[in-house]
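Summary of structural features
Each chain, written out:
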Amino acid sequence: MSGWLPPVDKLRASYEKWQRAYLRIFDCASCPVSRLSVPDVQITNVSFSETVNVCERAEDVLRRCVNQWLNSVQFQPVRETLLAYCHPRERIRLILQTEDLRLQKLPLHLWDWFERYTQAEWVLGTATYSQPFAMTSAATSVKSMLASRVLVVLGDSHGLDTEADLAMVEALPMVTVTCLRQPTRSQLNEALRDSPWDVVLFAGHSDGDDQPRFHLNARASLSLSDLRYGLRRAIAQNLKLLIFNTCDSLGLINALNSTLCLPATVAMRSPVPDLVAQVFLRYFLTAISQGQPLPQAVREAREKLQGIEHQFPFSSWIPVLYQTM
């Protein structure tokens, strides 16, 4: 069913206003540590509660803009078709296929359609892709993905507790875990190439600016393009899931997906406090170990973060699933 959406300018402007308010939260003296690389600017004494209030007011406007956009008259045929053919209790992936990072970051999960379809999740994907020969069906449970080989990459962890991420993975039943702590680029590439992995988890600091980079240690960082050949080999050996438990990791994977078809990837669309990253990972691993399909596992874990939003505002907005197939 074809439909049209009006210009995104108003929605994008409201998102950028909210984003500016959200990022100011991380400038507050009482703000918890995030998995962004350590900032060069001095933390200020801006009131945390005052900054959150500004952000919440921006959220009200943004939520209305999201629903005005997706409930527009031009898009009504698509919405009506979804209502007619999708059952509220069905497990549904609603895939947005675009290479535009600005569109990928929009919190379209705020669409009121998702209030009725509680087993549906908004998923990101590329507009064009080449599907590998062997690829696990997106509809299947990923319990088997965590039943064997997991590579955990702990990068620069200054001020973070990434060991908690490792402990959660090691606590899973029937899992063989290999951990690389602050590896060199050569060590990481060799690990990706030399052994078959079902899951690769990255945890640590990253940058989400115009040149997104994952910080291996205090001295070295890399883009995912620097791992292109290692990841290609890992995918050929049936890598099923990538988890980037780092800030703004959408930017990391977006640059690579144009040249390499990544497997299902869990990422963060904005800065993420350290504790939020840990709590999300625990909820997510619990959901998939209980047999939940990936989209529903991400939604369940994401929505459970609302329980800590009094301390970490908008936590449930941050995680996102990137999955084309």
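So, how was this worked out
Residues numbered from 1 in each chain as written. Predicted model: local features only at pLDDT ≥ 70, side-chain atom pairs only at ≥ 80, totals over all residues. Heavy atoms only, no water. Axes fitted to C-alpha atoms, helices over the stretch in contact; angles between N-to-C directions. Helix = DSSP H or I, 4+ residues; strand = E, 2+ residues; numbered from the N terminus. Left-handed = near helix turned anticlockwise from the far one by under 90°. Contact = heavy atoms within 4.5 Å. Nonpolar A, V, L, I, M, F, W, Y, C, P; charged D, E, K, R; others polar. Buried < 20%, exposed > 50% of the residue type's maximum accessible area, 1.4 Å probe, protein only. Lys, Arg positive; Asp, Glu negative; His and termini not counted. Salt bridge = Lys/Arg side-chain N within 4 Å of Asp/Glu carboxyl O. Pairing = 2+ DSSP bridges. 1 Å grid on protein atoms, 1.4 Å probe; cavity = no way out; pocket = protein on both sides within 12 Å on 5 of 7 lines; lining within 4 Å. Points joined across faces, edges and corners; volume = space filled by probe spheres on them. Parallel < 35°, antiparallel > 145°, perpendicular 65-115°, else oblique. Expected span 1.5 Å × (residues − 1). Polar contact = N/O pair within 3.5 Å; in protein donor to acceptor, adjacent residues only side chain to side chain. Core = buried A, V, L, I, M, F, W, Y, C linked by side-chain atoms within 4.5 Å.

**Points about the packing of helix α10 (residues 274–289) against helix α11 (residues 294–304)**
Viewed as axis vectors pointing N to C, α10 and α11 meet at an angle of 145 degrees, and their least axial separation amounts to 8 Å. Classified by chirality, the crossing of α11 by α10 is right-handed. Across the interface between the two elements, Phe280, Tyr283, Phe284, Ala287 and Ile288 of α10 pack against Leu294, Ala297, Val298, Glu300, Ala301, Arg302 and Lys304 of α11. Classifying every residue of the contact of α10 with α11 by side-chain character gives 9 nonpolar, no polar and 3 charged.

**Details of the side chain of Asp156**
Along the polypeptide, Asp156 turns up in the loop between β3 (149–154) and α6 (163–170). Summary of buried charges: Asp156 has no salt-bridge partner, and the nearest side chain of opposite charge, Arg219, is 8.7 Å away. Look past the residues within four positions of Asp156 in its chain and what remains in contact with it is Gln182, Gly204, His205, His215, Leu216, Asn217 and Ala218.

**Examining the sheet that holds strand β4 (residues 176–181)**
Read from one edge to the other, the open sheet built from 8 strands follows the order β1-β2-β11-β10-β9-β5-β3-β4, with strand pairing classed as mixed. Only two strands of the sheet have a single neighbouring strand rather than two, namely β1 (92–97) and β4. Neighbouring strand axes in the sheet, compared pairwise and without regard to direction, differ in orientation by 25 degrees on average. Inspection of the sheet shows β1 paired to strand β2 (residues 120–125) by 6 bridges, in the parallel sense. Bridge pairing links Gln97 to Gly125 in β2.

**Considerations on the sheet that holds strand β6 (residues 206–207)**
With antiparallel pairing, 3 strands are arranged side by side in an open sheet as β6-β7-β8. With one partner strand each, in any of the chains shown, β6 and β8 (221–222) form the two edges of the open sheet. The sheet contact formed by β6 and strand β7 (residues 213–215) spans 2 bridges and is antiparallel. When the sheet's bridge partners are listed, Ser206 is paired in β7 with Phe214.

**Observations concerning the layout of surface pockets**
Put simply, the second largest pocket is a space of about 470 Å³. In terms of lining residues, the second largest pocket is bounded by 22 residues, among which Arg63, Leu110, Gln306, Ser316 and Trp317 are the most central. Mapped onto the lining of the second largest pocket, the elements with two or more residues apiece are α2 (48–70), α5 (113–116), β2 and α11. Looking at which element gives the most residues to the lining of the second largest pocket, the answer is α2, with 4 residues. Considered class by class, the residues forming the lining of the second largest pocket number 8 nonpolar, 5 polar and 9 charged.

**Observations concerning the packing of helix α7 (residues 185–194) against helix α8 (residues 228–236)**
It is at 7 Å that the axes of α7 and α8 come closest, and there the two elements cross at 20 degrees. Taken together, the axes of α7 and α8 lie roughly parallel to each other. Every pair of crossing elements has a handedness; the one defined by α7 and α8 is left-handed. Between α7 and α8, the residues in contact are Asn189, Leu192 and Arg193 and Tyr229, Gly230, Leu231, Arg233 and Ala234, respectively. A per-class count over the contact of α7 with α8 returns 4 nonpolar, 2 polar and 2 charged.

**Here we look at α10**
Helical geometry note: an α-helix holds 3.6 residues per turn, so side chains three or four residues apart project in the same direction. The terminal C-alpha atoms of α10, which comprises 16 residues, lie 23 Å apart, in line with the 22 Å expected from a rise of 1.5 Å per residue. Taken together, the buried positions of α10 are Asp274, Val276, Ala277, Gln278, Val279, Phe280, Leu281, Phe284, Leu285, Ala287 and Ile288. As for α10, its buried residues are in contact with α6, β5 (199–203), β9 (241–245), β10 (264–268), α11 and β11 (319–322).

**A word on the side chain of Arg12**
Along the chain, Arg12 falls in helix α1 (residues 9–25). Leave out the neighbours within four places in its chain, and Arg12 touches Asp100, Arg102 and Leu103.

**Re the pattern of salt bridges**
Scanning the entire structure with this criterion turns up 13 salt bridges. Between Lys240 and Asp198 there is a salt bridge; the shortest N-O distance is 2.8 Å. With Lys240 in the loop between α8 and β9 and Asp198 in the loop between α7 and β5, this pair connects stretches of sequence that are 42 residues apart. Owing to a relative accessible area of 2%, Asp198 belongs among the buried residues under this scheme. Residues joined by salt bridges that share partners form a network here, namely Arg12, Asp100 and Arg102.

**So, the environment of Gln104**
By the secondary structure assignment, Gln104 is in helix α4 (residues 101–104). For Gln104, a relative accessible area of 1% corresponds to the buried category. Considering only alpha carbons, one finds Gln104 and Val123, 19 residues apart in sequence, at a separation of 9.4 Å. Only 2.8 Å separates the side chain of Gln104 from the backbone oxygen of Thr98, close enough to count as a polar contact.

**Let's talk about the nonpolar core**
Counting residues in each nonpolar core, the largest one holds 101 residues, and the members touching the most others are Trp111 and Phe284. Counting residues per element, this core draws most heavily on α10, which supplies 9 residues. With sequence-adjacent residues up to four places away left out, Trp111 is seen in contact with Val66, Asn67, Leu70, Asn71, Phe75, Arg79, Leu82, Leu94 and Trp122.

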